[in-house]
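Report on the structure
As a plain string of letters, each chain reads:
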Amino acid sequence: MTFTFRPLDPLNDAELLHTWVTHPKAAYWMMQDAKLQDVERAYMEIAADEHHHALLGLQGGEPAFLMEYYDPAHRELVGLYDPQPGDVGMHFLVPATDRPVHGFTKAVITAVMAHLFEDPRTARVVVEPDSANKAVHALNEAVGFIPEREIQKPEKKALLSFCTRDHFEKAVHG
């Protein structure tokens, strides 16, 4: 599967994103009750934030998933761990579908990680999924993440995990 990326357009993409983030299967995204304006506002804030970025992953030119990346020294994990130079935080969301494709979500996280590591400044990717989200823990492990410890964020108990470039390469390419 081949994916491309483009910056998210908070106004033009908000309607699509709203259907994705409010779907019951996107519960861990924590926007279940968001109104369209809430989604627009949240992504306009990200677009204006030098430390947080949102991209749409495209398959065949069509939006297929959402990817966010951030500087954990300034967002999300401030005070919860000691960031190292080259750390990049990441979130991704694959929308619910009536026609799931086997291996699609693993292909997405692999593409997201490859995209982040294309930047030579990225030394390590940091994630903090909900501790209860076992499905994403398995996906993270499949691309080389190593869980470090549980942390308490304001909105959830999270599993802090790291993936170096080397761990990613070994996990994906053997």
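Only a predicted model underlies this, so the values are computations on that prediction, with no experimental measurement involved.

Comments concerning the environment of Gln-152
- Looking at where Gln-152 falls in the secondary structure, it is placed in strand E6 (residues 146-152).
- The exposure class assigned to Gln-152 is exposed, which follows from its relative accessible area of 52%.
- Along the primary structure Gln-152 and Tyr-43 are separated by 109 residues, whereas in three dimensions their C-alpha atoms are 24 Å apart.
- For Gln-152, the contacting residues outside a window of four places in its chain are Leu-80 and Lys-157.
- Of note is the side chain of Gln-152, whose polar atom sits 3.2 Å from the backbone oxygen of Lys-156.

Brief notes about the nonpolar core
- Residues Met-90, Phe-92, Val-112, Met-113 and Phe-145 are the most contacted members of the largest nonpolar core, which totals 25 residues.
- Put simply, the parts of the chain that give this core at least two residues each are strand E3 (62-70), strand E4 (87-93), helix H3 (104-117), strand E5 (124-127) and helix H4 (134-142).
- Here this core takes 9 residues from H3, the largest share from any one element.
- With near-sequence residues (within four places) excluded, Phe-92 lies in contact with Trp-29, Leu-66, Met-67, Thr-105, Val-108, Ile-109, Val-112, Val-136 and Leu-139.
- Leu-8, Ala-34, Leu-58 and Leu-66 belong to the second-largest nonpolar core, a separate cluster that totals 17 residues.

Quick look at the side chain of Asp-49
- The residue Asp-49 is located in the loop between helix H2 (36-47) and strand E2 (52-59) in this model.
- Its relative accessible area of 16% is what places Asp-49 among the buried residues.
- A distance of 2.6 Å separates polar atoms of two side chains, one belonging to Asp-49 and the other to Arg-75.

A look at the environment of Val-39
- Looking at the element boundaries, Val-39 is found in helix H2.
- When its relative accessible area of 1% is taken as the criterion, Val-39 is described as buried.
- Linking Val-39 and Thr-19, residues 20 residues apart in sequence, is a C-alpha distance of 9.9 Å.

With respect to the pattern of salt bridges
- Overall, the coordinates contain 12 salt bridges when judged by the stated rule.
- For Glu-150, the salt bridge goes to Lys-157, with nearest N and O atoms at 3.9 Å.
- In this structure, Glu-155 and Lys-153 form a salt bridge, with 3.0 Å as the shortest nitrogen-oxygen distance.
- Here Glu-155 falls in the partly exposed class, since its relative accessible area comes to 39%.
- By relative accessible area, which is 2% here, Lys-153 ends up buried.

Details of the packing of aromatic side chains
- Counted by the stated rule, this structure contains 5 aromatic pairs.
- When the centroid spacing of 5.2 Å and the interplanar angle of 85° are considered together, the rings of Phe-3 and Phe-65 count as edge-to-face. With Phe-3 in the segment before strand E1 (4-7) and Phe-65 in strand E3, the pair connects residues that are 62 residues apart, well separated along the chain. Of the two residues examined, Phe-3 and Phe-65, each falls in the buried class.
- Between Phe-3 and Phe-104 the ring centres are 5.6 Å apart and the planes differ by 80°, which places this aromatic pair in the edge-to-face class. Taken together, the residues Phe-3 in the segment before E1 and Phe-104 in helix H3 connect sequence positions 101 residues apart. Per residue, the accessibility class of Phe-3 equals that of Phe-104, and both read buried.
- Chaining the aromatic ring pairs together yields one cluster made of Phe-3, Phe-5, Phe-65 and Phe-104.
- Over the aromatic face of Phe-162 sits the side chain of Arg-124, whose NZ or CZ is 3.9 Å from the ring centroid.

Conventions used here
Residues numbered from 1 in each chain as written. Predicted model: local features only at pLDDT ≥ 70, side-chain atom pairs only at ≥ 80, totals over all residues. Heavy atoms only, no water. Helix = DSSP H or I, 4+ residues; strand = E, 2+ residues; numbered from the N terminus. Buried < 20%, exposed > 50% of the residue type's maximum accessible area, 1.4 Å probe, protein only. Contact = heavy atoms within 4.5 Å. Polar contact = N/O pair within 3.5 Å; in protein donor to acceptor, adjacent residues only side chain to side chain. Core = buried A, V, L, I, M, F, W, Y, C linked by side-chain atoms within 4.5 Å. Salt bridge = Lys/Arg side-chain N within 4 Å of Asp/Glu carboxyl O. Phe/Tyr/Trp six-rings, centres within 6.5 Å; stacked < 30°, edge-to-face > 60°. Lys NZ or Arg CZ within 6 Å of the ring centre and 35° of its normal.

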